[in-house]
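# Architecture at a glance
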Amino acid sequence: MTFSPELEARFEKFLAKYPADRKRSAVIPMLIYAQDEVGSITQELIEEVARRTGVTPLQVDEVVGFYSMLHKKPQGRYHVQVCTNISCLLVGGEELWDKACRKLGIGHKQTTADGRISLEEVECMGACSWAPAVQVNYDFYHDVTPEQLDRLLDGLAAGKRPEDIAEVKKVSC
Amino acid sequence: MPYNAPSPLEVKVLTRRFGLPNSHMIETYLANDGYKAFEKALGMSQDDIINEVKASGLRGRGGAGFPTGMKWSFVPRQAPKPKYIVVNADESEPGTCKDRLLIEYDPHQLIEGCLIAGLAVGAQQGYIYIRGEYRYLIEHMDRALEEACARGYLGDNILGRGIKFHLATHSGAGAYECGEESALLESLEGKRGNPRIRPPFPAVAGCYQSPTILNNVETFCAVPPIILQGGAYFAGLGTPKNGGTRLFCLSGHVNKPGVYELPMGFNLLRMINEVGGGVRGGKKLKAVIPGGSSCPVLRADECDVAMDYDSVAAIKSMLGSGGVVVMDEDTDMVRAALRIMRFYAHESCGWCIPCREGTTWLRKLLQRLDEGHGTSSDIDLVNDLSKNMLGRTFCPLGDAAAMPTISFVEKFRDEFEAKIAKSARPAERLVTV
């Protein structure tokens, strides 16, 4: 399996972080970064990561099943994650979630027909003091109002990068 | 700046560089006492470092509140195996969002804390386990590590003193369970995040079964100020046996939610009213979760309490991870209890049956109660099931699910009863769950 030169360089760095006889430690970082490039965790990817870290494909597969961010099904180009855990719940997280589902006509872990947006109701993402919070791929949006969510989803549906929506407080260094 | 404005009541020790221009860069850090504690520690013996941390009264900021200096002293320094430093930056306790800021605004303080811990036990390698959702922080931390390497604070020959210490980030991939120290170590080794049986504790058999210091981000960040200004100084900021300040994350129904660094023992009502600007919309306070969703909820009349480990424990809750979740008079406590249980049911790793089955059935029962199809005996069953989970699992996740649930049911039983009474369909008692 071939990856981009950037990902190959990253893999090399990952494998160098751990003792020579502990390459297995790189399994999770390799999977999550490879997933971003490949689109999902494929059987081919599982076998490749297993080969490079010196474990069996089954040992990689059981890891994939455990972690909620690893997925075998491709997600939308924009993966919209709405937190409804306690701090977000208290200030409108559930309303945001309902609104997103209604607007897109999809539910938890589903993707729009054009493959552009997927939706996930997620657990606490560590933005409790700036709730309710939404994450699009790896970008955080804080203090999101229903109107802002509306605009955000409209932008994503039109294929605009979420960076274009300046009204929502956004964190990405 | 996307975060909250500081409060005049804050005592800024760990966060004192927050808000400085480019506070995350090594130049800013070095211009503001950066790496001076490490240089001081280079002249101290291992016992001196550990004793200073002991004298500071620093207790683990991840939630358990175990004395940090004592934890460090358990590491068998003479053991032939390599020693490891592991930072728990898997911040996932609902209500908690402080470690994020410590890494974002002052990553070098964390690096320096790790370096000093490395000196204290003779470790040459450390890992910072950052939750996968914090991708921007992983890359941010990597840049800080590169800066520290370039300036000779990390590497094979630190500051030309012949000391070796390497530090690397490690990405998680979405699992609350990996915030538990033994599960984190499994995950760091590339496995499913199931907890290990203890003892042996990580101090003896942690990372790669070697002696390991494993602490929360905030705990390591407190170490440079402790070494630089002395354990006694840090201890004096807090209350007896509860040294220093801590970062409290105010969320929920307050006017000014945010992360504030306050002295240990700060009164909870003052925190809500004076730091947080009071309950939103002029409403009355109903309840507060004092330290993240795993902690038993406090009724408004219990909130006149000093926020330190012992005072909160005395009223049968926990200081936890510093996540203070404020709920106003209109909060639906049944719904809150259900949402919290949905979280634990989702995050239970399935290793221990009381937790796996317990959280699943509690979620179903609470769902039924929330929808108005429950019965009075369901409320008793929730309480009974929760109590039977306590202490019956490898890791504290089972307890973390049970303890708040018991408190919700026992302190707000009238709300559970009211939902049953309000149900328009009392005959539908046999709704399947």
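Structure first, text after, so check above.
Here we summarise the structure given alongside this text. None of the values given here were measured: they were computed from a predicted structure.

## Describing the overall build of chain B
- Per the secondary structure count, chain B includes 18 helices and 12 strands.
- In terms of overall size, chain B behaves like a compact globule, its C-alpha atoms giving a radius of gyration of 22 Å where 433 residues would be expected to give roughly 22 Å.
- When its C-alpha atoms are laid out on the principal axes, chain B stretches across 80 × 45 × 35 Å.
- In chain B, which comprises 433 residues, the share counted as buried stands at 62%.
- Within chain B, residue pairs in contact and separated by at least 24 positions form 71% of the contacts whose partners lie at least 6 positions apart.
- Separation between the mean location of the 49 positive side-chain charges and that of the 50 negative ones in chain B comes to 2 Å.

## Description of the interface of chain B and chain A
- In this complex, chain B contributes 69 residues to the contact, which on the side of chain A involves 48 residues.
- Together, the buried faces of chain B and chain A total about 4700 Å²; carbon and sulfur atoms form 56% of this surface.
- By the criterion of area lost to chain A, the three top residues of chain B are Arg-135, Arg-192 and Arg-339 of chain B, representing 15% of everything that side buries.
- The interface formed by chain B and chain A contains five salt bridges.
- Across the pair Glu-121 of chain A and Arg-342 of chain B runs a salt bridge, and its minimum N-O distance is 3.1 Å.
- Where chain B packs against chain A, one counts 26 residue pairs in polar contact (both at pLDDT 80 or more).

## Regarding the packing of aromatic side chains
- What the rule picks out here adds up to 18 aromatic pairs over all chains.
- Between the aromatic rings of Phe-18 of chain B and Tyr-105 of chain B, the centroid separation amounts to 4.9 Å while the plane-to-plane angle is 55°, which identifies the pairing as tilted. One end of the pair, Phe-18 of chain B, is in the segment before helix H1 (26-31); the other, Tyr-105 of chain B, is in helix H5 (residues 99-105), and 87 residues separate them in sequence. Taken as a pair, Phe-18 of chain B and Tyr-105 of chain B share a single burial class, namely buried.
- Relative to Phe-394 of chain B, the ring of Trp-351 of chain B lies with its centre 6.5 Å away and its plane at 80°, an arrangement referred to as edge-to-face. Of this pair, Trp-351 of chain B sits in the loop between helix H14 (333-347) and helix H15 (353-370) while Phe-394 of chain B sits in the loop between helix H16 (376-389) and helix H17 (397-411), and the two are 43 residues apart along the sequence.
- What makes Phe-394 of chain B partly exposed here is its relative accessible area of 38%.
- Taken together, Tyr-18 of chain A together with Tyr-84, Tyr-127 and Tyr-208 of chain B form an aromatic cluster joined through their ring pairs.
- Here the basic side chain of Arg-135 of chain B rests over the ring of Tyr-138 of chain A, its NZ or CZ set 4.0 Å away from the ring centre.
- Taking NZ or CZ as reference, Arg-246 of chain B lies 5.9 Å from the ring centre of Phe-248 of chain B, over its face.

Calculation notes
Position numbers for residues start from 1 in each chain and track the written sequence from start to end. Going through the entries in the order they are written, you letter the chains from A and number the ligands from 1. pLDDT decides what is reported in this predicted model: residues at 70 or higher carry local features, side-chain atom pairs at 80 or more are listed and counted, and totals for whole chains, interfaces and linings draw on all residues regardless. Excluded from the side-chain calculations are hydrogens and water; all other atoms, namely the structure's heavy atoms, are used. Secondary structure elements follow DSSP: runs of H or I no shorter than four residues count as helices, runs of E no shorter than two count as strands, and numbering proceeds from the N terminus. Each radius of gyration reported is based on C-alpha atoms, and the globular scaling rule is 2.2 Å times the count of residues to the power 0.38. Type-normalised accessible area, obtained with a 1.4 Å probe on protein chains alone, sets the label of each residue: buried when under 20%, exposed when over 50%, and partly exposed for intermediate values. Contact definition: two residues touch when any of their heavy atoms are within 4.5 Å. Two residue types count as positive, namely Lys and Arg, and two as negative, namely Asp and Glu; His and chain ends fall outside the count. We put the charge of a Lys on NZ, of an Arg on CZ, of an Asp on CG and of a Glu on CD. As a working definition, buried area equals the accessible area (1.4 Å probe) given up by two parts on being put together, with both sides summed. Put simply, a salt bridge is a Lys or Arg side-chain nitrogen that is within 4 Å of an Asp or Glu carboxyl oxygen. Side-chain atoms alone can form a polar contact between residues adjacent in sequence; in general such a contact is a pair of N or O atoms within 3.5 Å, and within protein one must be able to donate a hydrogen while the other accepts it. When the centres of two rings from Phe, Tyr and Trp lie within 6.5 Å, Trp using its six-membered ring, the rings pair. Their planes under 30 degrees apart give stacked, over 60 give edge-to-face, and anything left gives tilted. Two limits define a charge over a ring: the Lys NZ or Arg CZ must be within 6 Å of the ring centre, and within 35 degrees of the ring normal.

Fair warning: the whole summary comes from geometry, so function is off the table for now.
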